[in-house]
Amino acid sequence: MRAAVMYGAGDVRVEDRPDPKIVKPTDAVVRTVAACVCGSDLWPYGSMPATDTGRPMGHEFLGVVEETGAEVTGLKAGDLVVAPFTYCDNTCGYCARGLHISCRDGGRYGFDGVDGGQGEAVRVPCADGTLVKLPVAADSALVPSLLTLSDVMTTGHHGAVTAGVGRGDAVLVVGDGAVGLCAVIAARRLGAERIVLAGRHGPRTALGGEFGATDVVAERGAEGVARIRDLTGGVGKVIEAVGTREALDTALGAVLDGGVISRLGVPQYEQGPLGRTEFRRNITLTGGASPARAYIEHLLPDVLDGTIDPGRVFDRRFALDQAPDAYRAMAERRVLKALIHP
């Protein structure tokens with residue numbers, strides 16, 4: 001099969017790799033219908049040391065089941081399924097608590113002999129626990145929005161849930177990437193009355209406005225914090241969807257004492273400003289990697305009936321052999337989120 005492999009910073013290649021096969025009786029082989037490049041893929045794209053072996057890429061995909069292991073009971077060949085961005089058994093103690101990201105039997109695509117999602121097919125471990133069957137055909141116009149349930153929409157929802165967003169709230173979303181825009185959708189869906197989107201890329205913030213953002217703040221740093229506080233007097237709920245120290249500083253500057261900051265952006269720093277000043281403010285810092293499997297069935301009805309349309313974050317499609325171009329376009333901010341079709 002053909003699949004995307006990263007060999008180092010800026011070096012993504014599409015090459016022939018072994019076709020996936022059932023290894024364990026709980027596996028399934030899924031033929032990929034749609035995949036995409038994640039914002040978190042851009043961090044290794046910018047900094048990964050060169051390697052001779054390469055790393056299979058991609059963790060967001062949707063496809064058709066081709067084969068199942070002997071112990072898979074809930075799926076059959078021909079089922080259209082969406083895969084959360086990590087696999088899980090959906091039965092361990094962590095999964096029972098809704099923390100599928102920490103599943104004792106789970107793992108990540110592209111590691112430990114498991115295929116990446118940016119390829120023609122994927123061996124999915126723990127198939128019964130991982131894959132969610134979809135009640136539409138593979139050529140449905142809903143496929144882009146259903147694909148977002150693999151990661152970007154469920155991650156935005158995780159930020160809104162962990163920040164405690166509710167009816168009538170004022171919320172700040174820091175970041176106008178696909179996760180930030182999905183966090184706007186999620187905050188609006190949970191009843192937020194005012195949503196300030198901190199971002200400076202016009203087409204993206206315009207889409208954020210269509211998703212439900214009531215205000216846009218393009219300024220950064222201290223100027224941005226001052227602008228947010230001028231608009232709102234400070235917000236009680238912040239969703240930080242970038243992962244840089246500057247974004248965290250903005251969140252800390254804008255949040256009210258006693259407020260909540262949910263971090264969704266993969267942190268590109270090890271230490272944050274959480275000393276005596278922040279301690280005295282009683283700020284709650286939460287968020288983290290989304291347990292996407294916990295949210296898929298919760299969000300699925302709203303995608304199916306058109307209540308939310310997160311698939312609009314995909315602003316360009318690429319064939320699988322164009323995966324290097326997709327990475328380059330996203331890294332250069334010419335594309336918000338690239339959809340890849342094998």
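Please refer to the structure placed before this passage.
Residues numbered from 1 in each chain as written. Predicted model: local features only at pLDDT ≥ 70, side-chain atom pairs only at ≥ 80, totals over all residues. Heavy atoms only, no water.

Moving on: the overall build of the chain. Looking only at helices and strands, the chain has twelve helices and 18 strands in total. A globule of 342 residues ought to have a C-alpha radius of gyration of about 20 Å, and the chain, at 20 Å, matches this closely. For the C-alpha atoms alone, the extent of the chain along its principal axes is close to 60 × 40 × 40 Å. Here the chain, with 342 residues, has 55% of them falling under the buried criterion. Taking the intrachain contacts of the chain between residues at least 6 apart in sequence as the baseline, contacts between residues at least 24 apart amount to 69%. With an accessible surface of roughly 14,300 Å², the chain has 47% of that area assigned to carbon and sulfur atoms. Both charge centroids of the chain, one from 36 positive and one from 42 negative side chains, sit 4 Å from each other. (Helix = DSSP H or I, 4+ residues; strand = E, 2+ residues; numbered from the N terminus. Rg over C-alpha atoms; globule rule 2.2 N^0.38 Å. Buried < 20%, exposed > 50% of the residue type's maximum accessible area, 1.4 Å probe, protein only. Contact = heavy atoms within 4.5 Å. Areas by Shrake-Rupley, 256 points an atom, 1.4 Å probe, with all protein chains shown as cover. Lys, Arg positive; Asp, Glu negative; His and termini not counted. Charge placed at Lys NZ, Arg CZ, Asp CG, Glu CD.)

The subject of this paragraph is helix α12 (residues 323-331). Buried residues of α12: Ala323, Pro324, Ala326, Tyr327, Ala329 and Met330, and no others. Where α12 is buried, its residues meet β1 (2-8), β2 (11-16), α1 (42-47), β17 (316-319) and β18 (338-341). Two residues or fewer past α12, Arg333 is found with a positive phi of approximately 60°.

Below, the discussion takes up the packing of helix α6 (residues 178-189) against helix α7 (residues 202-211). Their axes nearest at 9 Å, the elements α6 and α7 cross at an angle of 15°. Taken together, the axes of α6 and α7 lie roughly parallel to each other. Crossing handedness for the pair α6 and α7: right-handed. Across the interface between the two elements, Leu181, Val184, Ile185 and Arg188 of α6 pack against Arg204, Leu207, Gly208 and Phe211 of α7. (Axes fitted to C-alpha atoms, helices over the stretch in contact; angles between N-to-C directions. Parallel < 35°, antiparallel > 145°, perpendicular 65-115°, else oblique. Left-handed = near helix turned anticlockwise from the far one by under 90°.)

Another aspect to go through is the nonpolar core. If you look at the biggest cluster of nonpolar residues, it comprises 47 residues, and the most contacted ones within it are Leu62, Leu149, Met153, Val173, Ile239 and Val313. By residue number, the principal contributor to this core is α6, which donates eight residues. Excluding its chain neighbours within four sequence positions, the residues that come into contact with Val313 are Thr148, Ala178, Leu181, Cys182, Leu207, Phe211, Leu336 and Lys337. Grouped together as the second largest cluster of nonpolar side chains are 18 residues, Val12, Phe318, Ala326 and Met330 included. (Core = buried A, V, L, I, M, F, W, Y, C linked by side-chain atoms within 4.5 Å.)

What follows covers the sheet that holds strand β13 (residues 215-217). In spatial order, the strands read β13-β12-β11-β14-β15-β16; together these six strands make up an open sheet with parallel pairing. Here the strands that pair on one side only, and so sit at the sheet edges, are β13 and β16 (284-287). Geometrically, the sheet is characterised by an average inter-axis angle of 20° between neighbouring strands, direction not taken into account. With four bridges joining them, strand β15 (residues 255-263) and β16 adopt parallel strand pairing. Paired with Ile261 across the two strands is Leu285, which belongs to β16. Sitting on the sheet, helix α8 (residues 221-232) touches β11 (170-174), β12 (194-198), β13, β14 (235-240) and β15, and the angle it makes with β13 is about 160°. (Pairing = 2+ DSSP bridges.)

With that settled, the discussion passes to the sheet that holds β1. Taken in spatial order, the three strands line up as β2-β1-β4 in an open sheet, and their pairing is antiparallel. The sheet is open, and its two borders are formed by β2 and β4 (55-56), each paired with just one other strand. Bridge count between β1 and β4: two bridges; the pairing is antiparallel. Considered in β4, the bridge of Met6 is made with Arg55. Strands β1 and β2 of the sheet are contacted by α12, whose axis makes an angle of about 160° with β2.

We now examine the environment of Pro324. Its place among the elements puts Pro324 in helix α12. Classification of Pro324 by relative accessible area gives buried; the value is 17%. As for Pro324 and Val266, which are separated by 58 residues in sequence, their C-alpha atoms are 22 Å apart. With near-sequence residues (within four places) excluded, Pro324 lies in contact with Val12, Val14 and Tyr45.

What follows deals with helix α5 (residues 152-162). Most of α5 is tucked away: nine of the eleven residues are buried. Listing the buried residues of α5 in full gives Val152, Met153, Thr154, Thr155, Gly156, His157, His158, Gly159 and Ala160. Its buried side turned inward, α5 meets α6, β14, β15, β16 and α11 (292-304). One or two positions beyond α5, positive phi appears at Gly164, with a value near 75°.

Across all of its chains, the model carries zero disulfides by this definition. A disulfide-free cysteine, Cys95 has its sulfur positioned 3.7 Å from the sulfur of Cys103, the nearest such atom. Relative accessible area serves as the criterion here: at 5%, Cys95 is assigned to the buried category. (Disulfide = S-S within 2.5 Å.)

With that settled, consider the environment of Phe111. Assignment of secondary structure puts Phe111 in the loop between β8 (107-108) and β9 (121-124). For Phe111, a relative accessible area of 27% puts it in the partly exposed group. Spatially, the C-alpha atoms of Phe111 and Ala28 are 17 Å apart, while their sequence positions differ by 83 residues.

Following the criterion strictly, the structure yields 19 salt bridges and no others. A salt bridge links Asp16 to Arg2; the nearest nitrogen and oxygen atoms lie 3.4 Å apart. Residue Asp16 is found in strand β2, and its partner Arg2 is found in strand β1; the two are separated by 14 residues along the sequence. Classification of Asp16 by relative accessible area gives exposed; the value is 60%. Two residues, Arg245 and Asp249, come together in a salt bridge whose shortest N-O distance is 3.1 Å. Residue Arg245 and its partner Asp249 are located together in helix α9 (residues 245-254), separated by four residues, close to a single helical turn. With relative accessibility at 38%, the residue Arg245 sits in the partly exposed group. Taking relative accessible area as the criterion, Asp249 reaches 34% and is therefore assigned partly exposed. Beyond isolated ion pairs, a larger network of salt bridges with shared partners links Arg2, Asp16 and Asp321. (Salt bridge = Lys/Arg side-chain N within 4 Å of Asp/Glu carboxyl O.)

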